[in-house]
Amino acid sequence: MFKLGWFVNGFAPKTWHGPWAGENRTEWMGPGFWQDVARGLERGGFDMFFLEDTAMIEDTYEGSAAYTLRHAAMAPKNDPMPLMPLLAAATKHIGLVSTISTIQYPPYLAARLGTTLDHLTEGRIGFNVVTSVSHRVAQNYGYERHLEHDERYVMAEEWMDAVSQLWESWEPDALVLETDPPFFADHTKVKAVDFEGKYFRTRGPLNTVPGPQRRPVIAQAGGSPKGRDLAARNADVMLGLVQSPEEMVEFRADMDRRLAAFGRDPDDLHIFFMAHAYIGESDRDGRERFDAVAASRHDPSAIAAKLWAMSYTSGGEIDFSKFDLDGPVPTRLGNGETTTHKAWTAAGAGKTLRDVVTGPANYGLDFVGSAATIASQMDEVMRATGRMDGFLIQGIEDELTRRSLAEVTDGLCPELKRRGLIRKSYEHDTFRENLESW
Ligand SMILES: Cc1cc2nc3c(=O)[nH]c(=O)nc-3n(C[C@H](O)[C@H](O)[C@H](O)COP(=O)(O)O)c2cc1C
(Lines give C-alpha, C1' and ligand atoms only; values in the text may rest on other atoms or scores of the structure.)
Protein backbone atom coordinates (compact mmCIF):
# COMPACT_ATOMS: atom_id res chain seq x y z
CA MET A 1 0.00 0.00 0.00
CA PHE A 2 1.04 3.58 -0.50
CA LYS A 3 -0.12 7.01 0.55
CA LEU A 4 -1.42 9.97 -1.37
CA GLY A 5 -1.02 13.69 -0.88
CA TRP A 6 -2.26 16.55 -3.05
CA PHE A 7 0.00 19.52 -3.72
CA VAL A 8 -1.52 22.94 -4.34
CA ASN A 9 0.54 25.98 -5.22
CA GLY A 10 -0.82 28.30 -2.58
CA PHE A 11 -4.10 29.69 -1.23
CA ALA A 12 -4.33 31.50 -4.53
CA PRO A 13 -6.41 31.72 -7.70
CA LYS A 14 -6.38 28.25 -9.25
CA THR A 15 -7.72 27.51 -12.73
CA TRP A 16 -9.61 30.80 -12.96
CA HIS A 17 -10.40 31.03 -16.69
CA GLY A 18 -11.41 28.45 -19.28
CA PRO A 19 -14.38 26.09 -19.54
CA TRP A 20 -14.24 24.45 -16.08
CA ALA A 21 -13.06 27.40 -14.00
CA GLY A 22 -16.48 28.19 -12.53
CA GLU A 23 -16.23 31.30 -10.41
CA ASN A 24 -12.72 30.57 -9.22
CA ARG A 25 -11.44 34.05 -10.07
CA THR A 26 -13.30 35.35 -7.01
CA GLU A 27 -14.29 32.15 -5.21
CA TRP A 28 -10.69 31.22 -4.35
CA MET A 29 -10.56 34.01 -1.77
CA GLY A 30 -13.13 32.36 0.49
CA PRO A 31 -13.30 28.94 2.15
CA GLY A 32 -15.93 27.11 0.03
CA PHE A 33 -13.79 25.98 -2.90
CA TRP A 34 -11.02 24.77 -0.60
CA GLN A 35 -13.44 22.91 1.62
CA ASP A 36 -14.78 21.13 -1.47
CA VAL A 37 -11.22 20.18 -2.40
CA ALA A 38 -10.44 18.88 1.09
CA ARG A 39 -13.68 16.87 1.23
CA GLY A 40 -12.96 15.40 -2.21
CA LEU A 41 -9.46 14.36 -1.17
CA GLU A 42 -10.77 12.76 1.99
CA ARG A 43 -13.37 10.85 -0.02
CA GLY A 44 -10.52 9.64 -2.22
CA GLY A 45 -8.50 8.38 0.75
CA PHE A 46 -5.72 10.96 0.70
CA ASP A 47 -3.43 11.24 3.71
CA MET A 48 -2.80 14.92 3.24
CA PHE A 49 -3.77 18.15 1.56
CA PHE A 50 -0.61 20.20 1.08
CA LEU A 51 -0.62 23.97 0.57
CA GLU A 52 2.49 25.76 -0.64
CA ASP A 53 3.04 29.40 0.29
CA THR A 54 5.20 32.37 -0.65
CA ALA A 55 4.77 35.90 0.65
CA MET A 56 5.65 38.24 -2.20
CA ILE A 57 4.71 39.52 -5.62
CA GLU A 58 7.38 38.31 -8.02
CA ASP A 59 8.94 40.90 -10.33
CA THR A 60 12.05 39.31 -11.80
CA TYR A 61 10.64 38.38 -15.20
CA GLU A 62 10.91 41.38 -17.55
CA GLY A 63 11.95 43.39 -14.52
CA SER A 64 8.40 44.06 -13.34
CA ALA A 65 5.30 42.55 -11.73
CA ALA A 66 3.31 42.99 -14.96
CA TYR A 67 3.35 39.32 -15.98
CA THR A 68 2.79 38.13 -12.42
CA LEU A 69 -0.34 40.16 -11.85
CA ARG A 70 -1.79 39.84 -15.33
CA HIS A 71 -1.66 36.04 -15.07
CA ALA A 72 -2.04 35.64 -11.29
CA ALA A 73 1.29 33.77 -11.29
CA MET A 74 2.05 32.80 -7.67
CA ALA A 75 0.32 36.01 -6.61
CA PRO A 76 -2.00 37.09 -5.16
CA LYS A 77 -1.91 34.62 -2.31
CA ASN A 78 -3.79 34.55 0.99
CA ASP A 79 -2.13 33.40 4.17
CA PRO A 80 -2.86 29.64 4.38
CA MET A 81 -2.73 29.38 8.18
CA PRO A 82 -6.22 30.72 8.98
CA LEU A 83 -7.68 28.41 6.32
CA MET A 84 -6.55 25.28 8.15
CA PRO A 85 -9.25 25.19 10.88
CA LEU A 86 -11.91 25.89 8.23
CA LEU A 87 -10.71 22.86 6.26
CA ALA A 88 -10.66 20.82 9.45
CA ALA A 89 -14.26 21.81 10.18
CA ALA A 90 -15.30 20.54 6.73
CA THR A 91 -13.52 17.18 7.06
CA LYS A 92 -12.85 14.49 9.65
CA HIS A 93 -9.62 12.68 8.90
CA ILE A 94 -7.34 14.18 6.27
CA GLY A 95 -4.00 15.74 7.28
CA LEU A 96 -3.74 19.47 6.54
CA VAL A 97 -0.29 20.83 5.73
CA SER A 98 0.39 24.53 5.62
CA THR A 99 3.71 26.05 4.60
CA ILE A 100 5.71 27.99 7.17
CA SER A 101 8.88 29.93 6.39
CA THR A 102 11.77 30.13 8.80
CA ILE A 103 12.30 33.80 7.93
CA GLN A 104 8.68 34.77 8.39
CA TYR A 105 7.89 33.20 11.73
CA PRO A 106 10.10 33.67 14.79
CA PRO A 107 10.22 30.34 16.68
CA TYR A 108 7.87 31.34 19.50
CA LEU A 109 5.21 32.58 17.09
CA ALA A 110 5.59 29.41 15.01
CA ALA A 111 5.46 27.00 17.95
CA ARG A 112 2.45 28.72 19.50
CA LEU A 113 0.65 28.81 16.15
CA GLY A 114 1.44 25.12 15.57
CA THR A 115 0.02 24.09 18.91
CA THR A 116 -3.05 26.29 18.55
CA LEU A 117 -3.74 24.83 15.10
CA ASP A 118 -3.17 21.34 16.45
CA HIS A 119 -6.03 21.98 18.89
CA LEU A 120 -8.28 23.67 16.34
CA THR A 121 -7.81 20.86 13.78
CA GLU A 122 -8.01 18.21 16.53
CA GLY A 123 -4.62 16.78 15.67
CA ARG A 124 -4.53 17.13 11.89
CA ILE A 125 -2.09 19.98 11.29
CA GLY A 126 1.24 19.68 9.51
CA PHE A 127 3.86 22.34 8.72
CA ASN A 128 5.87 22.40 5.49
CA VAL A 129 9.05 24.04 6.73
CA VAL A 130 10.70 26.17 4.05
CA THR A 131 13.50 28.70 4.04
CA SER A 132 11.89 30.90 1.34
CA VAL A 133 13.86 31.27 -1.83
CA SER A 134 13.59 34.87 -2.94
CA HIS A 135 15.10 38.18 -1.93
CA ARG A 136 11.63 39.64 -2.35
CA VAL A 137 10.24 37.54 0.52
CA ALA A 138 13.24 38.42 2.68
CA GLN A 139 12.69 42.11 1.92
CA ASN A 140 9.07 41.86 3.06
CA TYR A 141 10.34 40.66 6.42
CA GLY A 142 13.01 43.24 7.12
CA TYR A 143 16.09 41.82 5.39
CA GLU A 144 18.04 43.69 2.73
CA ARG A 145 18.43 40.48 0.74
CA HIS A 146 18.04 36.79 1.49
CA LEU A 147 20.81 34.74 3.04
CA GLU A 148 22.98 32.61 0.80
CA HIS A 149 21.46 29.17 0.05
CA ASP A 150 23.37 26.97 2.51
CA GLU A 151 23.25 29.60 5.26
CA ARG A 152 19.45 29.59 4.97
CA TYR A 153 19.55 25.97 6.01
CA VAL A 154 21.82 26.78 9.00
CA MET A 155 19.09 29.18 10.06
CA ALA A 156 16.37 26.59 9.39
CA GLU A 157 18.15 23.93 11.51
CA GLU A 158 18.39 26.39 14.36
CA TRP A 159 14.75 27.38 13.91
CA MET A 160 13.71 23.71 14.06
CA ASP A 161 15.71 23.23 17.27
CA ALA A 162 14.13 26.24 18.94
CA VAL A 163 10.59 25.36 17.86
CA SER A 164 11.04 21.71 18.88
CA GLN A 165 12.28 22.70 22.33
CA LEU A 166 9.28 24.99 22.78
CA TRP A 167 6.96 22.12 21.83
CA GLU A 168 8.65 20.05 24.52
CA SER A 169 8.51 22.80 27.16
CA TRP A 170 5.45 21.18 28.76
CA GLU A 171 6.05 17.68 30.09
CA PRO A 172 3.34 15.20 29.08
CA ASP A 173 1.80 15.14 32.57
CA ALA A 174 2.05 18.88 33.30
CA LEU A 175 -1.65 19.37 32.79
CA VAL A 176 -3.53 18.34 35.96
CA LEU A 177 -7.05 19.71 35.41
CA GLU A 178 -8.32 18.82 38.89
CA THR A 179 -11.34 20.86 39.90
CA ASP A 180 -11.55 20.11 43.62
CA PRO A 181 -9.33 21.60 44.83
CA PRO A 182 -8.66 23.56 41.62
CA PHE A 183 -5.29 22.66 40.14
CA PHE A 184 -4.86 23.45 36.45
CA ALA A 185 -1.20 22.77 35.65
CA ASP A 186 1.94 21.78 37.56
CA HIS A 187 4.50 24.57 37.19
CA THR A 188 7.41 22.21 37.98
CA LYS A 189 6.66 20.44 34.68
CA VAL A 190 6.53 23.55 32.51
CA LYS A 191 10.08 24.70 31.84
CA ALA A 192 11.88 27.58 30.17
CA VAL A 193 13.99 26.59 27.19
CA ASP A 194 16.43 29.54 27.23
CA PHE A 195 17.33 29.00 23.60
CA GLU A 196 20.19 31.14 22.27
CA GLY A 197 21.48 30.65 18.74
CA LYS A 198 23.03 32.62 15.95
CA TYR A 199 19.67 33.75 14.56
CA PHE A 200 17.10 33.15 17.26
CA ARG A 201 16.63 33.64 20.99
CA THR A 202 13.58 32.55 22.89
CA ARG A 203 13.02 32.01 26.58
CA GLY A 204 9.94 29.83 26.76
CA PRO A 205 8.10 27.95 28.02
CA LEU A 206 5.28 28.01 25.51
CA ASN A 207 2.05 29.47 26.92
CA THR A 208 -0.09 26.90 25.11
CA VAL A 209 -0.97 23.41 26.29
CA PRO A 210 0.43 20.66 24.00
CA GLY A 211 -2.01 19.61 21.28
CA PRO A 212 -3.14 16.09 20.33
CA GLN A 213 0.00 15.50 18.24
CA ARG A 214 2.38 17.43 20.59
CA ARG A 215 4.13 18.65 17.44
CA PRO A 216 2.59 19.13 14.00
CA VAL A 217 3.70 16.70 11.32
CA ILE A 218 6.82 18.28 9.80
CA ALA A 219 7.30 18.26 6.04
CA GLN A 220 10.31 19.44 4.03
CA ALA A 221 10.75 19.88 0.27
CA GLY A 222 14.26 21.16 -0.44
CA GLY A 223 16.22 18.50 -2.32
CA SER A 224 19.78 19.91 -2.05
CA PRO A 225 22.20 18.12 0.32
CA LYS A 226 21.44 20.70 3.05
CA GLY A 227 17.72 20.40 2.43
CA ARG A 228 17.93 16.63 2.65
CA ASP A 229 19.79 16.88 5.94
CA LEU A 230 17.15 19.22 7.35
CA ALA A 231 14.54 16.60 6.46
CA ALA A 232 16.63 13.72 7.76
CA ARG A 233 17.00 15.40 11.16
CA ASN A 234 13.52 16.79 11.60
CA ALA A 235 10.88 15.77 9.10
CA ASP A 236 8.12 13.18 9.10
CA VAL A 237 7.27 13.85 5.45
CA MET A 238 9.50 14.74 2.55
CA LEU A 239 8.53 15.80 -0.95
CA GLY A 240 10.65 14.11 -3.60
CA LEU A 241 11.10 15.54 -7.07
CA VAL A 242 12.21 12.71 -9.35
CA GLN A 243 11.68 11.76 -12.97
CA SER A 244 11.97 7.98 -12.91
CA PRO A 245 11.59 4.91 -10.67
CA GLU A 246 15.41 4.61 -10.65
CA GLU A 247 15.76 8.12 -9.24
CA MET A 248 13.09 7.30 -6.69
CA VAL A 249 15.11 4.33 -5.44
CA GLU A 250 18.27 6.47 -5.25
CA PHE A 251 16.41 9.22 -3.41
CA ARG A 252 15.01 6.77 -0.87
CA ALA A 253 18.42 5.13 -0.33
CA ASP A 254 20.10 8.51 0.14
CA MET A 255 17.51 9.58 2.69
CA ASP A 256 17.81 6.24 4.51
CA ARG A 257 21.55 6.84 4.91
CA ARG A 258 21.00 10.38 6.14
CA LEU A 259 18.36 9.36 8.70
CA ALA A 260 20.59 6.60 10.02
CA ALA A 261 23.48 9.08 10.34
CA PHE A 262 21.25 11.25 12.56
CA GLY A 263 20.27 8.24 14.66
CA ARG A 264 16.72 8.02 13.29
CA ASP A 265 14.85 5.01 11.99
CA PRO A 266 14.58 5.45 8.17
CA ASP A 267 10.95 4.31 8.36
CA ASP A 268 10.16 7.50 10.31
CA LEU A 269 10.37 9.51 7.09
CA HIS A 270 7.55 9.21 4.57
CA ILE A 271 8.61 10.34 1.13
CA PHE A 272 5.88 11.60 -1.20
CA PHE A 273 7.05 11.68 -4.82
CA MET A 274 5.57 14.37 -7.02
CA ALA A 275 3.31 12.86 -9.68
CA HIS A 276 0.90 13.90 -12.43
CA ALA A 277 -1.94 11.72 -13.69
CA TYR A 278 -3.10 12.14 -17.30
CA ILE A 279 -6.30 10.17 -16.88
CA GLY A 280 -8.37 9.31 -19.92
CA GLU A 281 -11.55 7.35 -20.59
CA SER A 282 -9.21 4.91 -22.32
CA ASP A 283 -5.44 4.52 -22.59
CA ARG A 284 -5.54 6.18 -25.98
CA ASP A 285 -7.54 9.07 -24.60
CA GLY A 286 -5.00 9.53 -21.79
CA ARG A 287 -2.12 9.46 -24.28
CA GLU A 288 -3.84 12.05 -26.48
CA ARG A 289 -4.25 14.26 -23.47
CA PHE A 290 -0.56 13.91 -22.60
CA ASP A 291 0.45 14.68 -26.20
CA ALA A 292 -1.85 17.71 -26.35
CA VAL A 293 -0.31 19.14 -23.18
CA ALA A 294 3.21 18.50 -24.52
CA ALA A 295 2.30 20.26 -27.79
CA SER A 296 0.78 23.22 -25.96
CA ARG A 297 4.15 23.93 -24.33
CA HIS A 298 5.28 25.40 -27.65
CA ASP A 299 2.63 28.15 -27.49
CA PRO A 300 4.17 31.58 -26.89
CA SER A 301 2.04 31.94 -23.75
CA ALA A 302 3.37 28.66 -22.34
CA ILE A 303 6.95 29.66 -23.17
CA ALA A 304 6.49 32.96 -21.33
CA ALA A 305 5.03 31.10 -18.34
CA LYS A 306 8.05 28.79 -18.17
CA LEU A 307 10.53 31.65 -18.49
CA TRP A 308 8.65 33.38 -15.68
CA ALA A 309 8.89 30.22 -13.54
CA MET A 310 12.62 29.87 -14.22
CA SER A 311 13.15 33.49 -13.18
CA TYR A 312 11.23 32.79 -9.96
CA THR A 313 13.14 29.61 -9.09
CA SER A 314 16.43 31.43 -9.65
CA GLY A 315 15.54 33.23 -6.42
CA GLY A 316 14.73 36.41 -8.27
CA GLU A 317 18.30 36.76 -9.54
CA ILE A 318 18.04 35.93 -13.25
CA ASP A 319 15.55 37.41 -15.69
CA PHE A 320 15.09 34.67 -18.26
CA SER A 321 13.20 36.96 -20.63
CA LYS A 322 16.58 38.43 -21.59
CA PHE A 323 18.08 35.42 -23.29
CA ASP A 324 17.90 34.30 -26.89
CA LEU A 325 15.48 31.38 -26.99
CA ASP A 326 17.57 29.74 -29.69
CA GLY A 327 20.84 30.28 -27.86
CA PRO A 328 22.39 28.01 -25.23
CA VAL A 329 20.76 27.49 -21.83
CA PRO A 330 22.31 29.92 -19.33
CA THR A 331 24.15 27.90 -16.71
CA ARG A 332 24.50 30.50 -13.96
CA LEU A 333 22.68 29.30 -10.87
CA GLY A 334 20.68 31.73 -8.76
CA ASN A 335 20.27 31.65 -5.01
CA GLY A 336 16.81 30.08 -5.14
CA GLU A 337 15.41 26.57 -5.57
CA THR A 338 18.70 25.02 -6.57
CA THR A 339 17.38 21.51 -7.15
CA THR A 340 14.68 22.55 -9.58
CA HIS A 341 16.98 25.02 -11.23
CA LYS A 342 19.84 22.56 -11.63
CA ALA A 343 17.47 20.00 -13.10
CA TRP A 344 16.36 22.50 -15.72
CA THR A 345 19.85 23.57 -16.64
CA ALA A 346 21.15 19.98 -16.65
CA ALA A 347 18.31 18.96 -18.95
CA GLY A 348 19.49 21.72 -21.23
CA ALA A 349 23.12 20.67 -21.60
CA GLY A 350 23.95 21.00 -25.28
CA LYS A 351 20.44 22.24 -26.03
CA THR A 352 18.81 25.59 -26.60
CA LEU A 353 16.79 27.53 -24.08
CA ARG A 354 13.75 26.84 -26.25
CA ASP A 355 14.31 23.07 -25.86
CA VAL A 356 14.23 23.46 -22.08
CA VAL A 357 11.24 25.77 -21.83
CA THR A 358 9.16 23.57 -24.10
CA GLY A 359 10.05 20.45 -22.09
CA PRO A 360 8.06 19.11 -19.11
CA ALA A 361 6.66 22.03 -17.11
CA ASN A 362 6.63 20.43 -13.69
CA TYR A 363 8.97 17.90 -12.24
CA GLY A 364 7.68 14.54 -11.19
CA LEU A 365 6.51 11.19 -12.46
CA ASP A 366 3.96 11.24 -15.26
CA PHE A 367 1.27 8.56 -15.37
CA VAL A 368 -0.72 8.25 -18.57
CA GLY A 369 -3.76 6.14 -19.51
CA SER A 370 -7.11 5.00 -18.18
CA ALA A 371 -7.64 5.01 -14.41
CA ALA A 372 -7.06 1.24 -14.40
CA THR A 373 -3.80 1.54 -16.31
CA ILE A 374 -2.54 4.35 -14.08
CA ALA A 375 -3.42 2.32 -10.97
CA SER A 376 -1.28 -0.54 -12.31
CA GLN A 377 1.58 1.82 -13.20
CA MET A 378 1.52 3.38 -9.74
CA ASP A 379 1.59 -0.04 -8.13
CA GLU A 380 4.56 -1.06 -10.24
CA VAL A 381 6.50 2.13 -9.60
CA MET A 382 5.87 2.02 -5.87
CA ARG A 383 7.08 -1.55 -5.68
CA ALA A 384 10.40 -0.20 -6.96
CA THR A 385 11.17 1.45 -3.61
CA GLY A 386 9.83 -1.52 -1.67
CA ARG A 387 8.59 0.90 0.98
CA MET A 388 5.38 2.49 2.08
CA ASP A 389 6.04 5.81 0.48
CA GLY A 390 3.52 7.96 -1.28
CA PHE A 391 2.71 10.07 -4.29
CA LEU A 392 2.16 13.79 -4.10
CA ILE A 393 -0.29 14.49 -6.86
CA GLN A 394 -0.29 17.87 -8.53
CA GLY A 395 -2.78 18.95 -11.17
CA ILE A 396 -1.52 18.73 -14.76
CA GLU A 397 0.18 22.09 -15.44
CA ASP A 398 -1.04 22.99 -11.94
CA GLU A 399 -4.69 22.77 -13.01
CA LEU A 400 -7.22 22.58 -10.20
CA THR A 401 -10.97 22.58 -10.77
CA ARG A 402 -13.69 20.50 -9.19
CA ARG A 403 -13.64 18.47 -12.40
CA SER A 404 -9.89 17.79 -12.47
CA LEU A 405 -10.03 16.89 -8.79
CA ALA A 406 -12.90 14.42 -9.33
CA GLU A 407 -10.94 12.64 -12.06
CA VAL A 408 -8.52 11.60 -9.36
CA THR A 409 -10.71 11.34 -6.27
CA ASP A 410 -13.66 9.66 -7.98
CA GLY A 411 -11.94 8.09 -10.98
CA LEU A 412 -8.48 6.94 -10.00
CA CYS A 413 -8.89 6.54 -6.23
CA PRO A 414 -11.73 3.96 -6.35
CA GLU A 415 -9.57 1.91 -8.73
CA LEU A 416 -6.62 2.12 -6.30
CA LYS A 417 -8.89 1.17 -3.39
CA ARG A 418 -10.31 -1.84 -5.23
CA ARG A 419 -6.76 -3.14 -5.61
CA GLY A 420 -5.99 -2.49 -1.95
CA LEU A 421 -3.27 0.00 -2.89
CA ILE A 422 -4.44 2.98 -0.84
CA ARG A 423 -6.39 3.39 2.36
CA LYS A 424 -10.12 2.70 2.36
CA SER A 425 -10.58 4.36 5.74
CA TYR A 426 -8.66 6.19 8.43
CA GLU A 427 -7.81 4.11 11.48
CA HIS A 428 -6.86 6.94 13.81
CA ASP A 429 -7.87 10.42 14.84
CA THR A 430 -4.64 12.33 14.20
CA PHE A 431 -2.68 12.96 11.02
CA ARG A 432 0.52 11.74 12.68
CA GLU A 433 -1.01 8.43 13.81
CA ASN A 434 -2.53 7.75 10.39
CA LEU A 435 0.75 8.59 8.70
CA GLU A 436 2.71 6.30 10.99
CA SER A 437 0.20 3.43 11.05
CA TRP A 438 1.73 1.69 8.01
C1 LIG B 1 7.53 20.34 -3.99
C2 LIG B 1 8.12 21.58 -3.44
C3 LIG B 1 7.34 22.45 -2.68
C4 LIG B 1 7.87 23.61 -2.14
N5 LIG B 1 7.08 24.46 -1.45
C6 LIG B 1 7.59 25.66 -1.06
C7 LIG B 1 6.79 26.62 -0.45
O8 LIG B 1 5.62 26.40 -0.19
N9 LIG B 1 7.33 27.82 -0.11
C10 LIG B 1 8.64 28.12 -0.34
O11 LIG B 1 9.08 29.20 0.00
N12 LIG B 1 9.45 27.18 -0.88
C13 LIG B 1 8.94 26.00 -1.26
N14 LIG B 1 9.75 25.08 -1.83
C15 LIG B 1 11.18 25.35 -1.84
C16 LIG B 1 11.92 24.43 -0.91
O17 LIG B 1 11.34 24.29 0.34
C18 LIG B 1 13.34 24.87 -0.77
O19 LIG B 1 13.46 26.02 0.01
C20 LIG B 1 13.91 25.12 -2.13
O21 LIG B 1 13.60 24.02 -2.96
C22 LIG B 1 15.39 25.31 -2.09
O23 LIG B 1 15.93 24.19 -1.58
P24 LIG B 1 16.89 23.22 -2.32
O25 LIG B 1 17.90 24.10 -2.95
O26 LIG B 1 17.34 22.43 -1.15
O27 LIG B 1 16.08 22.43 -3.30
C28 LIG B 1 9.23 23.92 -2.36
C29 LIG B 1 10.02 23.05 -3.11
C30 LIG B 1 9.49 21.90 -3.66
C31 LIG B 1 10.38 21.02 -4.45
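Owing to the predicted nature of the structure, the values given are computational and were not obtained by experimental measurement.

*Asks:* Please explain the overall build of the protein as it appears in this structure.
*Replies:* Within the protein, the secondary structure is distributed over 16 helices and 13 strands. Taking 438 residues into account, the globule formula puts the C-alpha radius of gyration at 22 Å, and the protein, at 22 Å, falls close to it. Counting over 438 residues, the protein shows a buried share of 55%. Sequence separation of at least 24 residues holds for 73% of the intrachain contacts in the protein that already meet a minimum separation of 6. When the accessible surface of the protein is split by element, carbon and sulfur atoms take 53% of a total near 18,700 Å². Of the charged side chains in the protein, 47 are positive and 64 negative; the average position of the first set lies 1 Å away from that of the second.

*Asks:* Explain the domain arrangement of the protein here, please?
*Replies:* Taken domain by domain, the protein comprises domain 1 (3–169 + 196–284 + 363–436) and domain 2 (298–357). The centre of domain 1, based on its C-alpha atoms, is set 24 Å off from the matching centre of domain 2. If you look at the interface, domain 1 gives 24 residues, while domain 2 gives 22 residues. Of all residues in domain 1, Tyr 61, Val 133 and Tyr 363 bury the most surface against domain 2, accounting for 34% of the area lost on that side. Where domain 1 touches domain 2, the interface holds one salt bridge. Salt-bridge contacts for Arg 145 lead to Glu 317; the nearest nitrogen and oxygen are separated by 3.5 Å. Listed by contribution, the elements that provide at least two residues to the side of domain 1 that touches domain 2 are helix 3 (66–71) and helix 7 (149–167).

*Asks:* Quick question: what am I supposed to make of a nonpolar patch on the surface here?
*Replies:* Where nonpolar side chains cluster on the molecular surface, the patch consists of Leu 175, Leu 177 and Phe 184 and spans about 290 Å² of accessible area. With respect to the helices and strands, the residue Phe 184 is situated in strand 6 (residues 182–185).

*Asks:* How should the nonpolar core be read in this particular structure?
*Replies:* As a rule of thumb, soluble globular proteins bury nonpolar side chains together. Counting residues in hydrophobic clusters, the biggest one holds 104 residues, and the most contacted among them are Trp 34, Phe 49 and Phe 391. A total of nine residues in this core trace back to one element, the largest contributor, which is helix 7. Two domains share this core, each providing at least three of its residues, namely domain 1 (3–169 + 196–284 + 363–436) and domain 2 (298–357). Setting aside anything within four residues of it in sequence, one finds Phe 49 in contact with Trp 6, Val 8, Trp 34, Val 37, Ala 38, Leu 41, Leu 87, Ile 94, Gly 95, Leu 96 and Val 97. If you look at the next biggest cluster of nonpolar residues, it comprises 13 residues, including Met 48, Met 274, Phe 431 and Leu 435.

*Asks:* So what exactly am I meant to see when it comes to the environment of Pro 210 here?
*Replies:* Topologically, Pro 210 is positioned in the loop between strand 8 (201–202) and strand 9 (217–220). Assessed through its relative accessible area of 21%, Pro 210 is described here as partly exposed. Sequence spacing of Pro 210 and Ala 305 is 95 residues, and the spatial spacing of their C-alpha atoms is 44 Å.

*Asks:* Sorry if this is basic, but what is going on with helix 8 (residues 225–234) here?
*Replies:* One full turn of an α-helix is made of 3.6 residues, so residues set three or four places apart face in the same direction. Within helix 8 the residues assigned to the buried category are Gly 227, Arg 228, Leu 230, Ala 231, Ala 232 and Asn 234. For helix 8, the secondary structure elements touched by its buried residues are helix 7, strand 9, strand 10 (237–240) and helix 9 (245–261).

About the criteria used
Residues numbered from 1 in each chain as written. Predicted model: local features only at pLDDT ≥ 70, side-chain atom pairs only at ≥ 80, totals over all residues. Heavy atoms only, no water. Helix = DSSP H or I, 4+ residues; strand = E, 2+ residues; numbered from the N terminus. Rg over C-alpha atoms; globule rule 2.2 N^0.38 Å. Buried < 20%, exposed > 50% of the residue type's maximum accessible area, 1.4 Å probe, protein only. Contact = heavy atoms within 4.5 Å. Areas by Shrake-Rupley, 256 points an atom, 1.4 Å probe, with all protein chains shown as cover. Lys, Arg positive; Asp, Glu negative; His and termini not counted. Charge placed at Lys NZ, Arg CZ, Asp CG, Glu CD. Domains from an automatic or database assignment. Buried area = accessible area lost by both parts, 1.4 Å probe. Salt bridge = Lys/Arg side-chain N within 4 Å of Asp/Glu carboxyl O. Patch = residues over 30% accessible without salt bridge, like charges linked within 9 Å, V, L, I, M, F, W, Y side chains within 5 Å. Core = buried A, V, L, I, M, F, W, Y, C linked by side-chain atoms within 4.5 Å.

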